[in-house]
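# Examination of the molecular architecture
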Amino acid sequence: MPVPTNVMSNDKEAESVGAHSDVFSAHAERQLLRKIDLRVWPILFIIYMMSFLDRINISNARIQGMTEELNLYGNRFNIALFVFFVPYILLEVPSNMIFTKLKPEYYIPFLMLSWAIINMCMGFVETYEGLVVLRFFLGVFEAGVLPGIVYLASSYYKRHEFQTRMSFFFCSTVLGGAFGGLLAYAIAGLDGRNGLAGWRWIFIIEGAVTAVVAIVSVFFIVDWPAECRFLTPDEKNHLELRLADDGAVSVARMDTLNAYAYRMILTDWKVWVGGATYLGIGITGYSTSFFMPTILLEFGWTARVAQVHTIPVYAVAAVGMVLVAYCSDRLKHRYGFIMLGCAISSVGYIMLLCQDRLSSDAKYAAIFLITLGGFIGPPIALGWLANNVAGHWKHAFATAIQVALGNVAGIVAAVVYRQDEAPHYPTGYGISVALVWVGAFAASLLFVGMLIENKKREAGKRDSRLSRPKEEVDNMGDYHPSFRFTL
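This next bit is on the pattern of salt bridges. All told, the structure shown has 22 salt bridges when counted by the stated rule. D478 is the salt-bridge partner of K270, the closest N and O atoms lying 2.8 Å from each other. Taken together, the positions of K270 in helix α12 (residues 269-297) and D478 in the segment after α19 (470-473) put the pair 208 residues apart, joining distant regions of the chain. Note on K270: relative accessible area 3%, which makes it buried. Residue D478 is joined to K394 by a salt bridge in which the shortest nitrogen-to-oxygen separation is 2.9 Å. Of this pair, D478 sits in the segment after α19 while K394 sits in helix α16 (residues 392-406), placing them 84 residues apart in sequence. In this structure, D478 and K394 share a single accessibility class: buried. One network of salt bridges, with partners in common, ties together D268, K270, K394 and D478.

Right, here's the structure in full:
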């Protein structure tokens, strides 16, 4: 597979980039972006919505009779959540390495159809052990979806065009959560149909829908920019030039995966701190997705009413995500908005830690704050690191490493909300708010570190790197002194 970024010789690059603003009008830019938006994002949005829905529908099934039928008492439900994340984390980097060598329109649907079949099988499971095995294989096939989508989509955009789109894309998780609650409410009416409990129909119906989407998606997922069929040759050239014109991205390349590239990737502090940021602020998304129906049930509502009450929470989070992302792209700034999300969710966590003094309405308001603040940050963290790494292989590895580290939050969320602490969950809320501020601290390190590095590069203190062998200079990615970081 060709390198999925602009591939030009340095001489041609310099000449073409310099002429870029003269050749293409602002109108042509807008038309190209609109065309890319309408072809790249809709199917990816639906795919990740179904991925998220199929990952968390166990939380809806839990309060519809699954607990009693499969004896999910004690820490059994937590283990069923936990086992998903073992392959989900370990296989994200290998999956992205495979992804770069295959056609996206075949690889992603293969993963999707595989997990759809597994999801349907959960509707027929008879034992707790069988559920655990199926959750493990669900993690195997969902592992490559998010890092692959982020990598593919980011190859079509300049750095400061990506954040709003990334947050809009992450609304798929919010819509998946809301749709999951609504669908679970509707499916509850099928309880007993064909001898199957209502919770089983949740897995069967949602898995069947995912399978249909997987088959149809083959015709809609785009290829890498150099190979895509929906752009004309002139539009491909335009895209290539505008990406080359994005700061120093055209010279900050990493098109060869060798020992030097591995060293540049694995020793880059930004990748690991970016992963820690995503881990810390990502705890809320998993906590609310896995346990919100159960928490709302303990406010005194029936199972069906609790399912419905998840919907407005997700709706508010979706609006907040898009508004914050728009402001982030307009201001070309990321760090402050991550901190805003941390502050909002912390208020909600503190309210629930003191919930004995609160009414049900106040506790419900706290859920809104936790979810809003918790969903603002993760897409910004993903977009922020994607903005600040350069080069084909650097993007592929950095995205996968960050997502893998971030999904450790799923393991934490799976084990800290203990049934024996319901309805107060002091361990769950306490560890969650602590991790949020671990993420905030990591984001602060990232901000300060890149600010200092930008100043050193502006002062020419990194120019000595250009005296290294040409094969290293041409393959050092964002280590190149011409590259500037987004704050």
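Attention now moves to unusual backbone geometry. At the junction of A422 and P423, the peptide bond is cis and its omega measures out at 0° in the coordinates. With respect to the element layout, P423 can be found in the loop between α17 (408-416) and α18 (426-458). At N194, a position not held by glycine, the phi torsion is positive, near 55°. In this fold, N194 is placed in the loop between α8 (162-187) and α9 (198-217). If you check the backbone angles, Y425 has positive phi at about 45° while not being a glycine. Along the chain, Y425 falls in the loop between α17 and α18.

Turning our attention to the side chain of D54. You can see D54 is positioned in helix α2 (residues 26-70). Of the side chains with opposite charge, R135 comes closest to the buried, unpaired D54, at an N-O distance of 9.0 Å. There is a polar contact of 2.8 Å between the side chain of D54 and the side chain of W115. At 2.6 Å, the side chain of D54 forms a polar contact with the side chain of T210. Setting aside residues no more than four positions away along its own chain, D54 makes contact with W115, N119, R135, L138, E142, E206, G207 and T210.

Reading guide: rules and limits
Residues numbered from 1 in each chain as written. Predicted model: local features only at pLDDT ≥ 70, side-chain atom pairs only at ≥ 80, totals over all residues. Heavy atoms only, no water. Salt bridge = Lys/Arg side-chain N within 4 Å of Asp/Glu carboxyl O. Helix = DSSP H or I, 4+ residues; strand = E, 2+ residues; numbered from the N terminus. Buried < 20%, exposed > 50% of the residue type's maximum accessible area, 1.4 Å probe, protein only. Lys, Arg positive; Asp, Glu negative; His and termini not counted. Polar contact = N/O pair within 3.5 Å; in protein donor to acceptor, adjacent residues only side chain to side chain. Contact = heavy atoms within 4.5 Å.

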